[in-house]
Amino acid sequence: MTTTTFPPTDFATGTASRLRGAADVVSARFSPSWFTPVMGTSIIAVALMTLPVGNSATHAIAALVWVLGATVMIAATSAGILQAVRHPHLAARHHLDPVRAHSYGAPAMGIMSVGAGAYLAGGQFLPDPVALGVFVVLWTVGTAIGLASATVIPYLMFTRHTFESDGAFGGWLMPVVAPMVSASTGALLIEHVGAGQPRLTFTLALGAMFGASLIASIILTTQLWSRMMHKSVPAAAIVPTAWIVLGFLGQSTTATNLLADHTGTVVGPAAAAAAPKLAVAYGVPTMGFAMMWLVIVVLLTRHALRRGMPFTMSWWSFTFPVGTCVTGASGLAAHTGSTALAGLAMALFALLVAGWAVTARRTFVRAQSHVAAAWATA
């Protein structure tokens, strides 16, 4: 009996060549929407840290989830960099696609969510100064990307992209919601900014981003509502994007709660005492509309599933927007002492975890098939 042996160097060279080839194929398929799993995973860690019934066990779980979200962020970032290096012509064209361009909001929100998770949950793995440093860096990077996407993408919509009269869909909200995430997560940094004018300027900037995002989101949500009422329900594949409306509703409620909690050293004692009341006055009606919209999109999703709704990355819309409603309800519960709002936060968190489990499983299966195909053709 004879056996065939291969020189170790040939095997190593062949394997390395196939790895490079597979990486090349995978990077060619990258799009900014790959950051939606970062958003959907990291928001679980953030939401866990804000739940009214949080304890050491939930905080430990949140830390582990944060590690997972950070790992996914590193993988998505690596794929994006690899595409920019190996396929610059592809990387330079995402913004020209009238659908894909809106997913540029995902890197901004995903990066900031991981940063907030580092500050809130990552401290169980990192020294506090390191956790804060990670948060500051990721918040700064995410905010820069978010502000760019919130201005450049609408500009391209006005000047380069073309749409039918019934073209509005939930994905239009992605770029303009990013500054709202900056406002809510940035509130956690207010006390870490130098007192006096620097802190005041920073806080005013957060308020400006809050307003810009809120007004733009209301305009686009109105267009989406009008499209569905006067034209037709979007194609089944993009129905999940209607859930994104929950994102600006929940995130704006979260932002008002956090700004109320962290602006005491900026606005003075009297205004600081009134701020939680203003947060409740804004948050309760907003969450009321959010819950109405949640029922609507659940029914729309059920309708789309009956029409054969395929799996796409838009399914991650079932996660992050719901997570922002969790943090919004938790903040309102803290400011009012309402057990009903605390219960709502818990119920929404259960919905968040269910949406994540279904979507993560489908994403993992899809990723496996892509990697296998890439390896086979490398």
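Residues numbered from 1 in each chain as written. Predicted model: local features only at pLDDT ≥ 70, side-chain atom pairs only at ≥ 80, totals over all residues. Heavy atoms only, no water.

S.K.: Is there a simple way to think about the overall build of the protein chain in this case?
M.R.: Counting its secondary structure elements, the protein chain contains 13 helices and zero strands. Overall, the protein chain shows an N-to-C arrangement of helices and strands of α-α-α-α-α-α-α-α-α-α-α-α-α. For the protein chain, whose C-alpha radius of gyration is 22 Å, the value lies close to the compact-globule estimate of 21 Å for 378 residues. Along the first, second and third principal axes, the C-alpha set of the protein chain runs to 90 × 55 × 40 Å. Split into buried and exposed, the 378 residues of the protein chain put 47% on the buried side. Counting only contacts in the protein chain whose residues sit at least 6 apart along the sequence, the fraction spanning at least 24 positions is 84%. Of the roughly 17,100 Å² of accessible surface on the protein chain, a fraction of 71% belongs to carbon and sulfur atoms. (Helix = DSSP H or I, 4+ residues; strand = E, 2+ residues; numbered from the N terminus. Rg over C-alpha atoms; globule rule 2.2 N^0.38 Å. Buried < 20%, exposed > 50% of the residue type's maximum accessible area, 1.4 Å probe, protein only. Contact = heavy atoms within 4.5 Å. Areas by Shrake-Rupley, 256 points an atom, 1.4 Å probe, with all protein chains shown as cover.)

S.K.: I keep staring at the side chain of serine 42 and nothing clicks. Help me out?
M.R.: Residue position: serine 42 is located in helix H2 (residues 36-50). Given a relative accessible area of 1%, serine 42 falls into the buried group. Here valine 38 takes part through its backbone oxygen, which lies 2.9 Å from a polar atom of the side chain of serine 42. The residues touching serine 42, leaving out its near neighbours within four places in the chain, are Gly69, Ser113 and Val114. (Polar contact = N/O pair within 3.5 Å; in protein donor to acceptor, adjacent residues only side chain to side chain.)

S.K.: Would you mind showing me how to read a nonpolar patch on the surface here?
M.R.: Together, Leu64, Val67 and Phe125 make up a nonpolar patch on the protein surface, roughly 280 Å² of accessible area in all. Mapped onto the elements of the fold, phenylalanine 125 is located in the loop between helix H5 (105-120) and helix H6 (128-159). (Patch = residues over 30% accessible without salt bridge, like charges linked within 9 Å, V, L, I, M, F, W, Y side chains within 5 Å. Salt bridge = Lys/Arg side-chain N within 4 Å of Asp/Glu carboxyl O.)

S.K.: I keep staring at H2 and nothing clicks. Help me out?
M.R.: For the α-helix, the turn length of 3.6 residues means that residues three or four positions removed from each other point alike. Taking 1.5 Å per residue, 15 residues should reach 21 Å; H2 reaches 21 Å between its end C-alpha atoms and fits that length. For H2, the buried fraction is high: 13 of the 15 residues fall into the buried class. (Expected span 1.5 Å × (residues − 1).)

S.K.: Hey, could you run me through the nonpolar core in this one?
M.R.: Note that soluble globular proteins tend to have their nonpolar side chains buried in a common cluster. The biggest cluster of nonpolar side chains holds 92 residues, and the ones touching the most others in it are Phe35, Met109, Trp139, Leu246, Trp293 and Phe349. Excluding residues within four positions of it along the chain, tryptophan 139 makes contact with Met112, Ser182, Thr185, Gly186, Leu189, Phe202, Leu206 and Met209. (Core = buried A, V, L, I, M, F, W, Y, C linked by side-chain atoms within 4.5 Å.)

S.K.: Help me out: how do you make sense of helix H3 (residues 56-86) in this one?
M.R.: Spanning 31 residues, H3 covers 45 Å between terminal C-alpha atoms, matching the ideal 45 Å at 1.5 Å per step. Within the sequence span of H3, burial applies to Thr58, Ala62, Ala63, Val65, Trp66, Gly69, Ala70, Met73, Ala76, Ala79, Gly80 and Gln83. Sitting at the head of H3, asparagine 55 places a side-chain oxygen 2.9 Å from the backbone nitrogen of alanine 57.

S.K.: Explanation requested: the side chain of serine 31 in the structure shown.
M.R.: Within the element layout of this structure, serine 31 appears in the loop between helix H1 (8-28) and H2. You can call serine 31 buried: its relative accessible area is 7%. At 2.6 Å, the side chain of serine 31 forms a polar contact with the side chain of serine 33. Sequence-distant contacts of serine 31, that is, excluding residues within four places in its chain, are made with His94 and Arg100.

S.K.: I keep staring at the environment of alanine 272 and nothing clicks. Help me out?
M.R.: Locating alanine 272 in the fold gives a position in helix H11 (residues 269-306). When the C-alpha atoms of alanine 272 and leucine 259 are compared, they prove to be 9.7 Å apart, with 13 residues separating the residues in sequence. If sequence neighbours within four positions are ignored, alanine 272 has contacts with Gly264 and Val267.

S.K.: Would you mind going over the confidence of the model for the protein chain with me for this structure?
M.R.: Predicted coordinates in regions of low pLDDT should not be interpreted in detail. Mean pLDDT for the protein chain: 90, with 91% of residues reaching 70 or above. Every residue in residues 1-9 is under pLDDT 50, and counting partners more than four places away or in other chains gives zero contacts. (pLDDT = per-residue confidence, 0-100.)

S.K.: Would you mind going over the packing of H2 against H5 with me for this structure?
M.R.: Packed helix pairs are characterised by how far apart their axes lie and by the angle those axes make with each other. For the pair H2 and H5, the least separation of the axes is 8 Å and the interaxial angle reads 30 degrees. With respect to H5, the element H2 is oriented roughly parallel. Considering the relative orientation of H2 and H5, their crossing is left-handed. Where H2 abuts H5, its residues Thr36, Val38, Met39, Ser42, Val46 and Met49 lie against Ala106, Met109, Gly110, Ser113, Val114, Ala116, Gly117 and Leu120. Its residues placed into classes, the contact of H2 with H5 shows nine nonpolar, five polar and no charged. (Axes fitted to C-alpha atoms, helices over the stretch in contact; angles between N-to-C directions. Parallel < 35°, antiparallel > 145°, perpendicular 65-115°, else oblique. Left-handed = near helix turned anticlockwise from the far one by under 90°. Nonpolar A, V, L, I, M, F, W, Y, C, P; charged D, E, K, R; others polar.)

S.K.: Looking at this structure, how should I read the packing of helix H7 (residues 173-186) against helix H9 (residues 245-262)?
M.R.: Packing of H7 against H9 brings their axes to within 8 Å, and their N-to-C directions diverge by 15 degrees. The angle between H7 and H9 falls in the class roughly parallel. Of the two elements, H7 crosses H9, and the hand of that crossing is left-handed. On H9, the residues that touch Leu173, Val177, Met180, Val181, Ala183 and Ser184 of H7 are Val245, Phe248, Gln251, Ser252, Thr254, Ala255, Leu258 and Leu259. By residue class, the composition of the contact of H7 with H9 is 10 nonpolar, four polar and no charged.

S.K.: Would you explain the environment of leucine 68 in this entry?
M.R.: Secondary-structure assignment places leucine 68 in helix H3. On the accessibility criterion, leucine 68 (39% relative accessible area) is partly exposed. Sequence separation between leucine 68 and valine 38 is 30 residues; the distance between their C-alpha atoms is 8.7 Å. Once you skip the residues sitting within four places of it in the chain, leucine 68 turns out to touch Thr41 and Trp356.

S.K.: Whenever I open this one, the packing of aromatic side chains confuses me. Can you help?
M.R.: Any pair of aromatic rings gets described here by the distance separating the centres and the angle formed by the planes. The tally for this structure, following the rule as stated, stands at 12 aromatic pairs. Where phenylalanine 30 meets tryptophan 34, the ring centres are 5.4 Å apart and the plane angle is 75 degrees; that geometry is what we call edge-to-face. Note on phenylalanine 30: relative accessible area 7%, which makes it buried. The exposure class of tryptophan 34 is partly exposed, given its relative accessible area of 24%. On the basis of an interplanar angle of 35 degrees and a centroid distance of 5.8 Å, the ring pair of tryptophan 225 and tryptophan 293 is categorised as tilted. Of the two residues, tryptophan 225 is situated in helix H8 (residues 197-230) and tryptophan 293 in helix H11; the sequence distance between them amounts to 68 residues. Here tryptophan 293 falls in the buried class, since its relative accessible area comes to 1%. Site record: aromatic cluster; members linked through ring pairs are Trp243, Phe311, Trp315 and Phe318. (Phe/Tyr/Trp six-rings, centres within 6.5 Å; stacked < 30°, edge-to-face > 60°.)

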